[in-house]
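Summary of the model geometry
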Amino acid sequence: MAEGTLSLRKKPDSAPSSERGRRDHVEKRAKSLKAQRSGDEDDWHSIADFSGYGEIPGLRVKSGSGGRRPKMRQLIDSYPILSFRTIEGGMYSGLSSPNRPWFDFSFADPELNEYAAAREWKDQFQSIIYRMFDASNFYQVARQNYGEMARFGPACGLMTEHPIEVAPCLAQPIGTFWLGFNSAFGVDTLLRDCPMTVDQIVEKFVAGPGGRMNWSAVSTYVKNQWYASNYDTVVHCKQLIEPGSGLRFDATIWDEKDDRKNAVLEAKWYGERPFWGPRWNTRDGSGYGRGVGHDALGDMRELAMQAKRKRELTDLLAKPPTAGVARDLDMRPGAHTHVADLSAVQAAKPIYEVNPQALSAVREDIREIKEQIDRLTYADLFMAITNMPGVQPRNIEEILKRDEEKLSQIGPVVEMVNDDMLPIAVERIISIAERGGLIPEAPEELQGRELKVEFVSILSMAQKMLGLSSTERVVGFVGSLGQVFGPQVLDKIDPDAIIDDYAERANLPASAIRDSAMVEQMRKSRQQQEQMAEMAALASPAKDATTAAQNIAEMSNDGARF
């Protein structure tokens, strides 16, 4: 059992004595989480404004002051949208694409991975997990998460459990969630907006078997809206998910407008963590972090200003302001203006003429700004990954040679996703599959054996392969030294360790590399054969000398008889 109910009124055991119940606890925790996030909201609003993200309902009102932020502007130049779309697509293709393998299971005991029955069961198990991901909407949610990580820094997603849809996922847009952090600077708490319609609330919390309705579970407002047939009226609810006892996570849903004391809609616990909250980059390991949107914000502001200036210069060049004696001139193409004296038409002349070089200078500046935005957002790198025609070592090597420095810069992001997002989703969907009876029974010899997951996406493989070039350079350098100073230089390196490290970074199949015990046995056998060959070589001259002595003795005897 991986889910269970909690008391709707009793506060968590770890809560202080000043809290009067569960509703009091979740509201105070929500207030604290909201205060912690307020310092990041202005930057998020600006990034959304200049990157074309769109309106963020959760950030319309400023935390604390209650003032309203300005309405989002309409972008004149949509290039930031294309740039962040490239990041989103590149991370999606490079980290968890449904068209390529991105995780692989193996047994912690290397010997089991060579056992035929173990490999067969592992492949079947892995195929089921991939099919469950394909059947869910995880990939759509992951793609949205990657885009929000790049823009703002944090992202959030949940995986729920459903008897029909199996594992429906939900992406929380920026501004609709708040994160809490543990002593190891990792995300362990989630507060999120959880809007529900009246119909959804009644179906989930009121309706019972046999048509019975428990209206005491909801507010009078929800009950009245139901009887007024306003089924689609939205009720603003909140959900808090936080660590519970042991490895459990406690989750509470409540109606913010329900003023009844200790009134909550649901209190339950999860056996595994149902949400993830990855961050693009954190300076000290804590907080919401920063995305590349923070880095490119200044350039996006300048692009908006220069795009407006280019439009103004183009309008002035096409339709300059005029002065003259004629009135009501129709400047539209093909239009006719009636004048009594044709000389009056000649009197309408431009009073300001745009220098075409100024327009060219603005266009050149815009081009440089766009290139700078691409560099800051790694759009050129992600575009190369998106256009990669398949998972081939040659493609990975080409990207490594061309963009090794950029790959090293996004290394922390890949590690963050591989630590704080994908493992949580994999563990959650495995637990859902186990509870649904979808996992085949393992052979008896595999019972209780540890199974580990490794992420083998393009970006994960590229990060592992970053050190290959340095290894090749060192080995080549030592080899050249050996030719100059003698073979004793080679004693400085360990060939076995180099081969093992190189094979692991290159993602070479384990079956292609012999284990240390087998290598040692082969070397001992080879050494014995060499020793036997040396002994045979030494014994051959002695045998020849003995044979020669015998021949001389026989010749002497024959001479004496003669």
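Quick note: structure is the one above.
Let me begin by describing the structure that accompanies this report. Quick caveat: nothing in here was measured; it's all calculated off a predicted structure. (Residues numbered from 1 in each chain as written. Predicted model: local features only at pLDDT ≥ 70, side-chain atom pairs only at ≥ 80, totals over all residues. Heavy atoms only, no water.)

The next subject is the overall build of the protein chain. Each helix and strand counted, the protein chain has 17 helices and 15 strands in total. When burial is assessed residue by residue, the protein chain has 40% of its 562 residues classed as buried. Counting only carbon and sulfur atoms, one obtains 51% of the accessible surface of the protein chain, whose full area is about 32,000 Å². (Helix = DSSP H or I, 4+ residues; strand = E, 2+ residues; numbered from the N terminus. Buried < 20%, exposed > 50% of the residue type's maximum accessible area, 1.4 Å probe, protein only. Areas by Shrake-Rupley, 256 points an atom, 1.4 Å probe, with all protein chains shown as cover.)

Relative to the helices and strands, Thr377 is located in helix H9 (residues 356-377). Accessibility expressed as a relative area gives 0% for Thr377, which makes it buried. Of the polar contacts made by the side chain of Thr377, one reaches the backbone oxygen of Asp374; its length is 3.4 Å. (Polar contact = N/O pair within 3.5 Å; in protein donor to acceptor, adjacent residues only side chain to side chain.)

This part takes up the sheet that holds strand S4 (residues 169-171). Pairing between the strands of a sheet comes from backbone hydrogen bonds, and it takes one of two forms, parallel or antiparallel. The strand order across the open sheet formed by three strands is S4-S3-S12, and the pairing between neighbours is antiparallel. In the strand order of this sheet, the two ends are held by S4 and strand S12 (275-276), each with one partner. Bridge analysis of strand S3 (residues 157-159) against S4 gives three bridges, and the strand direction is antiparallel. When the bridges of S4 are listed, Gly157 appears paired with Ala171. In the packing of helix H13 (residues 422-435) onto the sheet, the strands contacted are S3 and S12, and the crossing angle to S3 comes to about 15°. (Pairing = 2+ DSSP bridges. Contact = heavy atoms within 4.5 Å. Axes fitted to C-alpha atoms, helices over the stretch in contact; angles between N-to-C directions.)

Among the nonpolar cores identified, the biggest contains 96 residues, and Trp102, Phe133, Phe138, Tyr146, Met159 and Trp280 are the most heavily contacted of them. Setting aside anything within four residues of it in sequence, one finds Phe133 in contact with Trp102, Phe103, Phe138, Tyr139, Met159, Ala425, Val426 and Ile429. Of all hydrophobic cores here, the second largest spans 15 residues; its members include Phe205, Val206, Trp215 and Ile253. (Core = buried A, V, L, I, M, F, W, Y, C linked by side-chain atoms within 4.5 Å.)

The subject of this paragraph is the pattern of salt bridges. As enumerated under the stated definition, the model contains 21 salt bridges in all. Glu266 serves as the salt-bridge partner of Lys204, at 3.9 Å between the closest nitrogen and oxygen. Taken together, the positions of Lys204 in helix H5 (residues 198-206) and Glu266 in strand S11 (residues 266-270) put the pair 62 residues apart, joining distant regions of the chain. Residues joined in a network through salt bridges with shared partners are Lys34, Asp193, Lys238 and Glu256. (Salt bridge = Lys/Arg side-chain N within 4 Å of Asp/Glu carboxyl O.)

All right, on to the sheet that holds strand S9 (residues 237-243) then. In space, the six strands of this open sheet follow the order S1-S11-S10-S9-S6-S5, with antiparallel pairing throughout. Across the chains shown, the open sheet's two edge strands, defined by having one partner strand only, are strand S1 (3-5) and strand S5 (177-181). The sheet shows a mean angle of 20° between the axes of neighbouring strands, taken without regard to direction. Bridge count between strand S6 (residues 187-193) and S9: four bridges; the pairing is antiparallel. Considered in S9, the bridge of Leu191 is made with Leu240.

This part takes up unusual backbone geometry. The bulk of non-glycine residues show a negative phi, and the bulk of peptide bonds are trans. Its identity is not glycine, yet Val166 carries a phi of approximately 70°, on the positive side. Along the chain, the position of Val166 falls in the loop between S3 and S4. Residue classification places Val166 among the partly exposed residues on the basis of a relative accessible area of 31%. Positive phi outside glycine occurs at Tyr378, with the angle close to 60°.

What follows concerns the packing of H5 against helix H6 (residues 220-227). For the pair H5 and H6, the least separation of the axes is 10 Å and the interaxial angle reads 110°. Compared by their axis directions, H5 and H6 come out roughly perpendicular. Where H5 abuts H6, its residues Val198, Asp199, Ile201 and Val202 lie against Val222, Gln225 and Trp226. Here the contact of H5 with H6 is composed, by residue class, of five nonpolar, one polar and one charged. (Parallel < 35°, antiparallel > 145°, perpendicular 65-115°, else oblique. Nonpolar A, V, L, I, M, F, W, Y, C, P; charged D, E, K, R; others polar.)

Relative to the assigned elements, Ser460 resides in helix H14 (residues 458-464). Judged by its relative accessible area of 5%, Ser460 is buried. Looking at Ser460, its side chain comes within polar contact range of the side chain of Asn418, at 3.0 Å. There is a polar contact of 2.9 Å between the side chain of Ser460 and the side chain of Ser457.

What follows is about the environment of Gln372. Within the secondary structure layout, Gln372 lies in helix H9. Its relative accessible area of 27% is what places Gln372 among the partly exposed residues. Measuring from C-alpha to C-alpha, the distance between Gln372 and Met300 comes to 9.7 Å, with 72 residues separating the pair along the chain. Side-chain polar atoms of Gln372 contact the side chain of Arg375, separated by 2.6 Å.

Keep in mind these numbers describe shape, not what the thing actually does.
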